[in-house]
Amino acid sequence: MAASAPAPHTTDFPVEGRCSYYVEKKKRFCRMVVAAGKRFCGEHAGAAEEENARKRILCPLDPKHTVYEDQLSKHLKKCNSREKPKPDFFIQDINAGLKDETEIPEQLVPISSLSEEHLENLIKKLQKASEGLNSTLKDQIMSHPALHDALNDPKNGDSATKHLKQQASILGNIEKLKLLGPRRCFVEFGAGKGKLSHWVDIALKDAEKVHFILVEKVTTRFKVDGKHRKKNSVFERLQIDIQHLCLNKIPLLSKEKLPVVGIGKHLCGVATGVIGDIMWAKSISGL
């Protein structure tokens, strides 16, 4: 059997005898053979002529991408950067802390640039603020049988193993605190793909009336939400920055009045402001 011809190398110019159409998605020229005297293959001949006659401009909503000028009005209606209606649970900077102008420095500066006097004053303020606090932290690295098979999968790489160990430890700590049970709502902050909620759901097996709210500010690919089809579990994803999230205005929490368990692998500073909302949710549910 004759060996097939090797594919042409990707260069800054089309290979001789091959199509001259540049495929933007693949970042290379088309590799189809063209007829004698032709520049483009049959697939791209029409597209090339059409594009040469049309003008592309920067999108006014996001200059990181372009759009055909004659399709601008249509594009603006579906562009991912367009302004979208804010849900009721969006309250600007509700978890961002105080905005008193006297408390916000005019310009943030690194500690290394402070004078010795300012640094000493800062240390005194921190010491005074921390007086009486129990700052001793104890590691509680645990595990949970729900992840046993996944942790022992020989196909796991170092990264997958690290994340699985973290998720297993979180589940173990949730169970130790007696929070892993039926009839409650788990709110995962910074949910990403939703893997932590996935394992909580696996651990709960057939527990009744369990809800999951997955909070993530960006669009996420390869989410695991769709893998859950248990009749006793409800998954809802909110695309919002935690900085602006008001939990007591989320319809599911207002309607069901379930105990709320906040979970997450990592949280930014403004995310800690949602603790007040969680306390509110617990108070109306009697947990």
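About the thresholds
Residues numbered from 1 in each chain as written. Predicted model: local features only at pLDDT ≥ 70, side-chain atom pairs only at ≥ 80, totals over all residues. Heavy atoms only, no water. UniProt positions renumbered as here; feature names shortened; annotations may be inferred. Helix = DSSP H or I, 4+ residues; strand = E, 2+ residues; numbered from the N terminus. Buried < 20%, exposed > 50% of the residue type's maximum accessible area, 1.4 Å probe, protein only. Contact = heavy atoms within 4.5 Å. Areas by Shrake-Rupley, 256 points an atom, 1.4 Å probe, with all protein chains shown as cover. Phe/Tyr/Trp six-rings, centres within 6.5 Å; stacked < 30°, edge-to-face > 60°. Lys NZ or Arg CZ within 6 Å of the ring centre and 35° of its normal. Pairing = 2+ DSSP bridges. Right-handed = clockwise from strand over helix to strand, strands pointing away. Polar contact = N/O pair within 3.5 Å; in protein donor to acceptor, adjacent residues only side chain to side chain. Disulfide = S-S within 2.5 Å.

Per an unreviewed UniProt entry, the chain goes by the name tRNA:m(4)X modification enzyme TRM13 and belongs to Mustela putorius furo. Turning to the chain, the UniProt annotation filed under Sequence similarities (unreviewed entry) states: "Belongs to the methyltransferase TRM13 family." Among the UniProt annotations of the chain, the heading Function (unreviewed entry) holds the following wording: "tRNA methylase which 2'-O-methylates cytidine(4) in tRNA(Pro) and tRNA(Gly)(GCC), and adenosine(4) in tRNA(His)."

Our next topic: the overall build of the chain. A count of helical and extended segments in the chain gives 8 helices and 8 strands. Within the chain, the proportion of its 287 residues that are buried is 30%. For the chain, contacts bridging at least 24 residues in sequence account for 57% of all contacts bridging at least 6. Summed over its atoms, the accessible surface of the chain is roughly 20,500 Å², and 54% of this surface lies on carbon and sulfur atoms.

Turning to the packing of aromatic side chains, a few remarks are in order. The relation between two aromatic rings is expressed through the spacing of the ring centres and the mutual angle of the planes. In total, this model carries 3 aromatic pairs according to the counting rule given. Ring centres of F186 and F212 lie 5.5 Å apart, and the angle between their planes is 20°; this geometry places the pair in the stacked category. Linking F186 in strand β5 (residues 184-189) with F212 in strand β6 (residues 210-216), this pair joins segments that are 26 residues apart in sequence. A ring pair is formed by F212 and F235, whose centres lie 4.5 Å apart and whose planes are at 20°; its orientation type is stacked. Of this pair, F212 sits in strand β6 while F235 sits in strand β7 (residues 233-239), and the two are 23 residues apart along the sequence. Taken together, the aromatic side chains of F186, F212 and F235 make up a single cluster linked through ring pairs. Across the ring face of F90, the terminal group of K86 is positioned such that the distance to the ring centre comes to 5.3 Å.

Another point: the pairing of β5. The buried fraction of β5 amounts to 6 of the 6 residues, a majority that puts the element mostly inside the structure. Taking every second residue as pointing to the same face, both faces of β5 are buried, with R184, F186 and E188 on one and C185, V187 and F189 on the other. When β5 meets β6, the two strands line up parallel, connected through 6 bridges. Pairing of E188 across the sheet is with L214, part of β6. Since β5 and β6 lie parallel, the crossover through helix α6 (residues 195-204) that links them has a hand, and here it is right-handed.

Its location among the elements puts L179 in the loop between α5 (158-176) and β5. With a relative accessible area of 23%, L179 lands in the partly exposed category. Setting aside residues no more than four positions away along its own chain, L179 makes contact with I174, R184, F186 and V261.

Bringing the environment of Q166 into the picture now. Here Q166 shows up in helix α5. For Q166, a relative accessible area of 33% translates into the label partly exposed. When the C-alpha atoms of Q166 and K265 are compared, they prove to be 7.7 Å apart, with 99 residues separating the residues in sequence. Within the structure, the side chain of Q166 is placed 2.8 Å from the side chain of K265, a separation counted as a polar contact.

For the rest of this paragraph, the subject is the state of the cysteines. Applying the stated criterion to the full structure yields 0 disulfides. C59 forms no disulfide, and the closest cysteine sulfur to it belongs to C79, at a distance of 3.9 Å. Look at C59 and you get buried, because its relative accessible area is 2%.

Before going further, it helps to examine the UniProt feature "domain: CHHC U11-48K-type" (unreviewed entry) in the chain. Sequence positions flagged by UniProt for "domain: CHHC U11-48K-type" (unreviewed entry) are, in local numbering, residues 56-83. Across residues 56-83 one finds 25% helix and 21% strand; the C-alpha atoms that close the span lie 22 Å apart.

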